[in-house]
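# Residue-level structure breakdown
Spelled out, the chains give:
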Number of protein chains: 2
Amino acid sequence: MISEKYRAMLGGKSVIRTLSEFAAKRGAEIGYENVFDYSLGNPSVPVPQEFTDCCIRLLREKDPMQIHGYSPSLGIPSVREAVAASLNRRFGMNYGPEHIFMASGAAGALAHAFRAVTKPGDEILTFAPFFPEYRPYVEGAGDTLKVVPADTQAFQINFEAFEELVSKKVAAVLVNSPNNPSGAVYSEETLRRLADILRKKQEEYGHDIFLISDEPYREIAFDGKQVPYVSSLYENTISCYSFSKSLSLPGERIGYVAVNPACREAETIVNMCGQISRGTGHNCPPSLIQLAVAEVIDRTADLSVYETNRNLLYDCLTGLGFTCVRPEGTFYIFPKALEEDANAFSQKALAYDLILVPGDTFGCPGYFRMAYCIDTEKVKRSLEALERFVRTEYGKQG
Amino acid sequence: MISEKYRAMLGGKSVIRTLSEFAAKRGAEIGYENVFDYSLGNPSVPVPQEFTDCCIRLLREKDPMQIHGYSPSLGIPSVREAVAASLNRRFGMNYGPEHIFMASGAAGALAHAFRAVTKPGDEILTFAPFFPEYRPYVEGAGDTLKVVPADTQAFQINFEAFEELVSKKVAAVLVNSPNNPSGAVYSEETLRRLADILRKKQEEYGHDIFLISDEPYREIAFDGKQVPYVSSLYENTISCYSFSKSLSLPGERIGYVAVNPACREAETIVNMCGQISRGTGHNCPPSLIQLAVAEVIDRTADLSVYETNRNLLYDCLTGLGFTCVRPEGTFYIFPKALEEDANAFSQKALAYDLILVPGDTFGCPGYFRMAYCIDTEKVKRSLEALERFVRTEYGKQG
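Residues numbered from 1 in each chain as written. Chains lettered and ligands numbered in written order. Predicted model: local features only at pLDDT ≥ 70, side-chain atom pairs only at ≥ 80, totals over all residues. Heavy atoms only, no water.

### Here we look at the sheet that holds strand 9 (residues 332-333) of chain A
Residues and elements named next belong to chain A.
- A sheet is described by the order of its strands in space; here 3 strands give the open sequence 9-12-11, paired in antiparallel fashion. For this open sheet the edge positions go to strand 9 and strand 11 (357-358), each flanked by a neighbour on one side alone.
- Of the pairings in the sheet, the one linking strand 11 to strand 12 (residues 368-371) comprises 2 bridges and is antiparallel in character. Note on strand 12: the bridge partner recorded for P358 is F368. (Pairing = 2+ DSSP bridges. Helix = DSSP H or I, 4+ residues; strand = E, 2+ residues; numbered from the N terminus.)

### Let's talk about the sheet that holds strand 3 (residues 123-127) of chain B
All names here are of chain B.
- Read across the sheet, 7 strands follow the order 2-8-7-6-5-3-4 without closing on themselves; strand pairing throughout is mixed. For this open sheet the edge positions go to strand 2 (100-103) and strand 4 (144-148), each flanked by a neighbour on one side alone. The mean angle between the axes of side-by-side strands here comes to 20°, regardless of whether they run parallel or antiparallel.
- Two strands pair when backbone bridges link them, and strand 6 (residues 210-214) and strand 7 (residues 237-242) are joined in this way by 4 bridges, in the parallel orientation. Across the sheet, residue I212 finds its bridge partner in strand 7, namely I238. (Axes fitted to C-alpha atoms, helices over the stretch in contact; angles between N-to-C directions.)

### With respect to the side chain of S287(A)
- Within the element layout of this structure, S287(A) appears in helix 11 (residues 287-295).
- Filtering out sequence-adjacent residues up to four positions away, S287(A) remains in contact with I67(A), H68(A), G69(A), I76(A), G251(B) and E252(B). (Contact = heavy atoms within 4.5 Å.)

### Things to note about the relation of the copies chain A and chain B
- For the pair chain A and chain B, the best superposition has an RMSD of 0.0 Å and corresponds to a rotation of 180° with a translation of 0.0 Å parallel to the axis. Accordingly, the operation relating the two chain copies is best matched by a two-fold axis. (Least-squares fit on C-alpha atoms with pLDDT ≥ 70 in both.)

### A few points about the pairing of strand 8 (residues 255-259) of chain B
All names here are of chain B.
- Most of strand 8 sits out of view: 5 of its 5 residues are buried.
- Of the strand pairs in this sheet, strand 2 and strand 8 are connected by 4 bridges, and their pairing is antiparallel. Bridge pairing in strand 8 places I100 opposite A258.
- As defined by bridge partners, strand 7 adjoins strand 8 across 5 bridges and the pair is classed as antiparallel. Each residue of the ladder has a partner; that of I238, found in strand 8, is V259. (Buried < 20%, exposed > 50% of the residue type's maximum accessible area, 1.4 Å probe, protein only.)

### As for helix 11 (residues 287-295) of chain B
- Within helix 11 of chain B, 8 of the 9 residues are buried, which leaves the element mostly enclosed by the surrounding structure.
- Residues of helix 11 of chain B that are buried include every one of S287(B), L288(B), I289(B), Q290(B), L291(B), A292(B), V293(B) and A294(B), and no others.

### Structural notes on the interface of chain A and chain B
- Taken residue by residue, the interface counts 70 residues in chain A and 70 residues in chain B.
- Interface area, chain A with chain B, both sides summed: about 5,800 Å², of which 60% is carbon and sulfur.
- Summed over the three residues of chain A that lose the most area to chain B, namely M1(A), Y70(A) and R278(A), the buried surface amounts to 14% of that side.
- Across the contact surface, chain A and chain B share 4 salt bridges.
- R7(B) serves as the salt-bridge partner of E265(A), at 2.5 Å between the closest nitrogen and oxygen.
- There are 24 residue pairs in polar contact (both at pLDDT 80 or more) connecting chain A and chain B.
- For the side of chain A that touches chain B, the secondary-structure elements that each account for two or more residues are helix 1 (4-11), helix 3 (49-61), helix 4 (64-67), helix 6 (105-117), helix 7 (134-140), helix 10 (266-280) and helix 11 of chain A.
- With 9 residues, helix 10 of chain A is the largest single contributor of residues to the side of chain A that touches chain B. (Buried area = accessible area lost by both parts, 1.4 Å probe. Salt bridge = Lys/Arg side-chain N within 4 Å of Asp/Glu carboxyl O. Polar contact = N/O pair within 3.5 Å; in protein donor to acceptor, adjacent residues only side chain to side chain.)

### Quick notes on the side chain of H68(A)
- Its place among the elements puts H68(A) in the loop between helix 4 and helix 5 (77-91).
- We classify H68(A) as buried; its relative accessible area is 1%.
- Looking at H68(A), its side chain comes within polar contact range of the side chain of E252(B), at 2.7 Å.
- Those residues in contact with H68(A) that lie beyond four places of it in its chain are L59(A), S287(A), V47(B), F51(B), S248(B), L249(B), P250(B), G251(B) and E252(B).

### Brief notes about the packing of helix 13 (residues 342-350) of chain B against helix 14 (residues 376-394) of chain B
All names here are of chain B.
- In the contact formed by helix 13 and helix 14, the axes pass within 10 Å of each other and the chain directions differ by 115°. With respect to the hand of their crossing, helix 13 and helix 14 are arranged in right-handed fashion. Contacts between helix 13 and helix 14 pair F345, K348 and A349 from the former with F389, E393 and Y394 from the latter.
- The residue makeup of the contact of helix 13 with helix 14, split by class, is 4 nonpolar, no polar and 2 charged. (Left-handed = near helix turned anticlockwise from the far one by under 90°. Nonpolar A, V, L, I, M, F, W, Y, C, P; charged D, E, K, R; others polar.)

### Here's the deal with the pattern of salt bridges
- The tally for this structure, following the rule as stated, stands at 56 salt bridges over all chains.
- Here R192(B) ties to E188(B) by a salt bridge, and the two come within 2.7 Å at their closest N and O atoms. Separated by 4 residues within a single helix, R192(B) and E188(B) lie in helix 9 (residues 188-205), roughly one turn from each other.
- Of the residues examined, R192(B) reaches a relative accessible area of 44% and is grouped as partly exposed.
- Residue classification places E188(B) among the partly exposed residues on the basis of a relative accessible area of 40%.
- Between R388(B) and E384(B) there is a salt bridge, with its nearest N and O atoms 3.2 Å apart. One end of the pair is R388(B) and the other is E384(B), both in helix 14 and 4 residues apart, which spans about a single turn.
- Here the residues in one salt-bridge network are R90(A), E215(A), R218(A) and E219(A), joined through shared partners.

### Topic: unusual backbone geometry
- Between A128(A) and P129(A) the backbone carries a cis peptide bond, its omega angle lying at -10°.
- Locating P129(A) in the fold gives a position in the loop between strand 3 (123-127) and helix 7.
- Omega for the peptide link from N180(B) to P181(B) comes to 20°, which places this bond in the cis form.
- Its location among the elements puts P181(B) in the loop between strand 5 (170-175) and helix 9.

### Points about the packing of helix 12 (residues 304-319) of chain A against helix 14 (residues 376-394) of chain A
Residue and element names in this part refer to chain A.
- One way to put it is that helix 12 packs onto helix 14 with a least axis distance of 10 Å and a crossing angle of 10°. If you check the angle between helix 12 and helix 14, you find them roughly parallel. Between helix 12, through V305, T308, N309, L312, L313, C316 and L317, and helix 14, the contact on the second element is made entirely by T376, V379, K380, L383 and L386.
- Partitioned by chemical class, the residues of the contact of helix 12 with helix 14 number 8 nonpolar, 3 polar and 1 charged. (Parallel < 35°, antiparallel > 145°, perpendicular 65-115°, else oblique.)

### Quick word on helix 6 of chain A
- Compared with the 18 Å implied by 1.5 Å per residue over 13 residues, the 19 Å span of helix 6 of chain A between its first and last C-alpha is a close match.
- The buried count for helix 6 of chain A comes to 13 of 13 residues, which makes it a mostly enclosed element. (Expected span 1.5 Å × (residues − 1).)

### Topic: the confidence of the model for chain A
- With 99% of its residues at a pLDDT of 70 or more, chain A shows a mean pLDDT of 96.
- Our summary of model confidence lists the complex with pTM equal to 0.96 and ipTM equal to 0.95. (pLDDT = per-residue confidence, 0-100.)

### Here's the deal with the UniProt feature "domain: Aminotransferase class I/classII large" (unreviewed entry) in chain A
- In the numbering used here, UniProt assigns the feature "domain: Aminotransferase class I/classII large" (unreviewed entry) to residues 60-386 of chain A.
- Along residues 60-386 of chain A one finds 39% helix and 14% strand; the C-alpha atoms at either end are 50 Å apart. (UniProt positions renumbered as here; feature names shortened; annotations may be inferred.)

Right, dumping it as structure tokens:
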């Protein structure tokens, strides 16, 4: 008997995917270079050459049994060591390898974190706007996702709404900074205030509330900004990282869970991740990629193109009269649409070959997301289309 | 609040792992080369050079965005195509790429198969002796594993016991041939009889009963034996494959689900796998490895050492008076212990630096497993220890 649960999921088509498919189809008609496809958050810069060289060297020089052999279920010890040392060096933490669990990307890391510190039926709170895959991730663990409405002023945290929603049933709070889709970076002030409330609520409710920090964009910050390291500001933090964006290798499925050593039973949580894997069919990220990543642990791809694109788009959009929080990181921008219904707005944009994703899918209606992980040259050409779109449909001046 | 469910799992230490840790510790004392460690099923031959060359070529010559980019959630289309074509060529099937889902090893493949064709609370039947990880795999999907007692005569199927257990609550039957731990290969006769019963039961109960076929050892068969392809004998079959053993790359986590095109809604089942992934945090096997495996799809590592080792051990064991079914594949042998309690037997063997795993852990008390994926030279040296062990402890003549 085919599972009705998963069959039902087949019906719910992702808006992002539908738009991306439209872009591909339109590209087949007029040439993809003429479609201003801002739909998908796919890195657009190559992996660093050091990573490639390192893979080749490992393949050439090392014993294939070591390179391709089973990884222990928590990850290869030397790799866990390298991750801990890098985090300590960069963020003044005191992780040991025993606080690190190697996971297949952020999706894998989150799947483990949710199962480790909640039980089915618990609530996980997150903040709009948010990455829509959080819902299946959270529901896959048997938990319920509750969403705190957005602070649309700055895309920091709407604390009033948060305090109302952080009930006794909340086992974990999920943050994502730098944020997909807003591009906002939570300030140290925001995070300190969040931590204070969580500590107070922990005491009030008599149980831990974990902060699960989804950090795939941690390395993509603009204007030399230092992204505050969430775990350094709240003890019960589980950081979920992916190398997909920083190293531009989303297909290789590599990331990790880092449990703050100040967590009660931090090491137990990591060990439990190895048990959780047995039930979900996860068995470590690929061994070759683990070993290679460890050797380029502090490197990133050349991420500067994202800042260039951010500047071009932000200036153009605000010039056209859009209300828009200036992104401090990621490769997303999240302006307010020029009419209340962002879906209608996005539909109209298609006539100008502009692929914009309405904010409803991120829990923030009335806004839209542009993923500017595309060639700068194309961004430049899209500005004219944006101007034409706005002038024609909304009568504003460029 | 840390999950009590997964915390409790930390207590249950695997017997295999405990023995393997003992072997490592003993190795530190007397040199690992002197420990006859038959505990772990880790491939002992290198990946084929073609695979390594292919990885290096992809890394050197191809666009890194393609090599390391996101894989579609069902797998890279050309890779699914290559898998389907290979299965069709080798087993006379008629798979299309739409029947293939790329998964991170057999563990990932099974996790998807269970979720796709059962609902929590359903029963999955398997046959003793069986791979002990089946229990957490099945329970992770919310199902209950029921075990059909072993046919200890030939390690085929105890059909009498099977017919008693295949109740209306059974949604799927899980087979593993060539079998870990027995090394037995299900004959075509066994599989035809199994299929006949399943068809009869499907009709009687008015619902599908899926055959989930776990096939990581499919390519390791001895004496030129052709392993019957399970799916060719029963329509509602889902094959779960891993390249871990055939290509000797267990750390790279690559395998697939192949749904028999004759299954009702075969393509829907594959599409559902993409939905299941969202809840478990699985996102495709690594892209580089997918692409490389597709290029060496019909190759294997040099697996001949396993047959050499099988011959040496089988001859020695039967010569020493052990009752033993002659393995037709895998790299395991599963003789009857020389006393009723195989745990006591294995404990005594440790004094001879022989690491043997008692059969209780495989649902078959009174037997023991030897994983002979080790150097032939070490196997040869171990024969003397086996002889000494048996003669001293059980008074038999070698």
